[in-house]
Amino acid sequence: MTTSPRFIVHGGAGEWLNFDEDQVLAGVRAAAQAGWDILKVGGSAGDACEKATNILEDHPLFDAGYGSFVNSEGEVEMDALFADGSIRYGAVAAVRRVRYAISLARLVLTKTDNCFFVGDGADQLAASLGVPLIPNIDLVTEKEYALFREREGQRAPRPGLGTGTVGAVALDQSGHMVSATSTGGIPDKKKGRVGDTPIFGAGGYADDVLGGASATGKGENIMRFFLCKLAVDGMRGGTPAQTAARAALNFLATRIPEPNVGIIMVGVDGSLGAMHSTAAMPIAWVDAGGEVQAAMRYQGWFD
Ligand code: ASP
């Protein structure tokens, strides 16, 4: 039996103040199109999610890979999770020397008997698997470096939430579900701080029986509620993805002030979901007609 593939990506929940929205939307669109080009010819959910995430990791406007926020020491430390619908995953945290944290997370899943590697050990694992190691500075954009120097001078934290964590969720023709999430974390984070992104069930989750999700926003809130697992479990009994996404975010709002989070979802029934409780969350998805759509603040329903 073949399933109609579905695909959705996000570029991070946050304020997105002072950004050229056309450029941001062009970024998520390009990622969605690249993933869709794989899915529509029968490619795998894993390949589609990895490709789309790599494109956003390469894009300087998004807080993942090249363009990540730097930490209090002026260095990039990245977290990523590749969640597979067979309820298996690969995760990395505080990696500093790879260009594509999501690809390393996928290698953790496919090439090791473990689930989660951190710090130098994760970079060493990358090298042992043939992934080229790069100088950390190659991940820092000129703009991010200038902001870091400015903050150092003022000793003033940068206001606002992280924007630009990236994620993708795909259902492929064989009915397999994958979610991929990659981030440089939040601005002004202390060295060693890890958020929700690499935590299975929090920053991402996938279950071939129900659906998949990728979260973004204030990681410290997402982690407390295992947001993605909560949202995916909300699809039990045939609840469509958007209803489950809305219910999960509403639940957080009843328990904590200003959750500041966002989520994208795909159900095994082919339903899509995307909700955010931040000012914006760029997303791109493929509609039922196979066309890529994109929006900065979408809270509606999907066909
Ligand atoms: N959730 C990410 C973190 O807390 C940041 C983000 O999505 O903006 O590390």
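Just above, that's the structure.
Rules used in this analysis
Residues numbered from 1 in each chain as written. Predicted model: local features only at pLDDT ≥ 70, side-chain atom pairs only at ≥ 80, totals over all residues. Heavy atoms only, no water. Near = heavy atom within 4 Å. Polar contact = N/O pair within 3.5 Å; in protein donor to acceptor, adjacent residues only side chain to side chain. Areas by Shrake-Rupley, 256 points an atom, 1.4 Å probe, with all protein chains shown as cover. Nonpolar A, V, L, I, M, F, W, Y, C, P; charged D, E, K, R; others polar. Salt bridge = Lys/Arg side-chain N within 4 Å of Asp/Glu carboxyl O. Helix = DSSP H or I, 4+ residues; strand = E, 2+ residues; numbered from the N terminus. Buried < 20%, exposed > 50% of the residue type's maximum accessible area, 1.4 Å probe, protein only. Pairing = 2+ DSSP bridges. Axes fitted to C-alpha atoms, helices over the stretch in contact; angles between N-to-C directions. Contact = heavy atoms within 4.5 Å. Parallel < 35°, antiparallel > 145°, perpendicular 65-115°, else oblique. Left-handed = near helix turned anticlockwise from the far one by under 90°.

Caption draft 1: Summary view of the site of the ligand. In the vicinity of the ligand, 11 residues are found, and the nearest of them are T165, R193, D196, T216 and G217. Here T216 contributes a side-chain N or O atom positioned 2.7 Å from an oxygen atom of the ligand. In the model, a nitrogen atom of the ligand is placed 2.7 Å from a nitrogen or oxygen of the G217 main chain. Bound to the protein, the ligand loses 100% of the 270 Å² it would expose on its own. Residue composition of the shell around the ligand, grouped by class: 1 nonpolar, 8 polar and 2 charged.

Caption draft 2: Summary view of the pattern of salt bridges. Enumeration over the complete set of coordinates arrives at 10 salt bridges. Here R297 makes a salt bridge to E21, at a shortest N to O gap of 2.5 Å. Placement of the pair is R297 in the segment after β12 (292-295) and E21 in helix α1 (residues 21-39), with a sequence separation of 276 residues. For E21, a relative accessible area of 28% translates into the label partly exposed. A salt bridge links E50 to R106; its shortest N-O distance comes to 2.6 Å. A residue pair is termed long-range when its members are at least 10 positions apart, and E50 in helix α2 (residues 45-58) and R106 in helix α3 (residues 101-111) qualify at 56 residues. Take E50: its relative accessible area is 18%, and that puts it in the buried class. With relative accessibility at 17%, the residue R106 sits in the buried group. Ionic contacts of the salt-bridge type, sharing partners, join the residues D47, E50 and R106 into one network.

Caption draft 3: Region of the structure containing the sheet that holds strand β10 (residues 272-276). Here 4 strands make up an open sheet; going across it, the order is β7-β8-β9-β10 and the pairing antiparallel. Bordering the open sheet on either side are β7 (204-207) and β10, each of which pairs with just one other strand. When strand polarity is set aside, the average angle formed by the axes of neighbouring strands in this sheet is 10°. The pairing of strand β9 (residues 261-267) with β10 spans 5 bridges and is antiparallel.

Caption draft 4: Examining the pairing of strand β1 (residues 6-10) more closely. Of all 5 residues that make up β1, 5 are buried, and the element is covered over most of its length. Bridging between β1 and strand β5 (residues 166-171) involves 5 bridges; their strand directions are antiparallel. Bridged to H10 within β5 is G167. Examined bridge by bridge, β1 and strand β11 (residues 283-286) share 3 bridges and lie antiparallel to one another. Looking across to β11, one finds that I8 is bridged to W285.

Caption draft 5: Region of the structure containing the sheet that holds β11. With mixed pairing, the 8 strands of this open sheet are ordered in space as β4-β3-β2-β6-β5-β1-β11-β12. Each of the sheet's edge strands pairs with one partner strand only, and the pair in question is β4 (116-118) and β12. Between one strand and the next, the sheet's axes are offset by a mean angle of 5°, whatever the strand orientation. The strands touched by α1 are β1, β5, β11 and β12; relative to β1, the strand with the most contacts, the crossing angle is about 155°. The strands touched by helix α4 (residues 119-128) within the sheet are β3 (88-95) and β4, with β4 carrying the most contacts at an inclination of about 110°.

Caption draft 6: Looking closely at the side chain of S214. As for its placement among the helices and strands, S214 is situated in strand β8 (residues 211-217). Here S214 falls in the buried class, since its relative accessible area comes to 0%. Separated by 3.0 Å, the side chains of S214 and H10 make a polar contact. A distance of 2.8 Å separates the side chain of S214 from the side chain of T181, its partner in a polar contact.

Caption draft 7: Quick peek at the environment of E152. Summarising the element assignment, E152 is placed in helix α5 (residues 142-154). Each C-alpha atom of the pair E152 and D208 lies 46 Å from the other, and the pair is 56 residues apart in sequence.

Caption draft 8: Broad picture of the packing of α1 against α2. Direction vectors running N to C along α1 and α2 enclose 155°, while the axes themselves pass 8 Å from each other. Overall, the two elements α1 and α2 adopt an arrangement that is roughly antiparallel. Between α1 and α2 lies a crossing of right-handed hand. Here α1 contributes G27, V28, A30, A31, A34, G35, I38 and L39 to the contact with α2, which in turn contributes A45, D47, A48, K51, A52, I55 and L56. Residues of the contact of α1 with α2, tallied by class, amount to 11 nonpolar, 2 polar and 2 charged.

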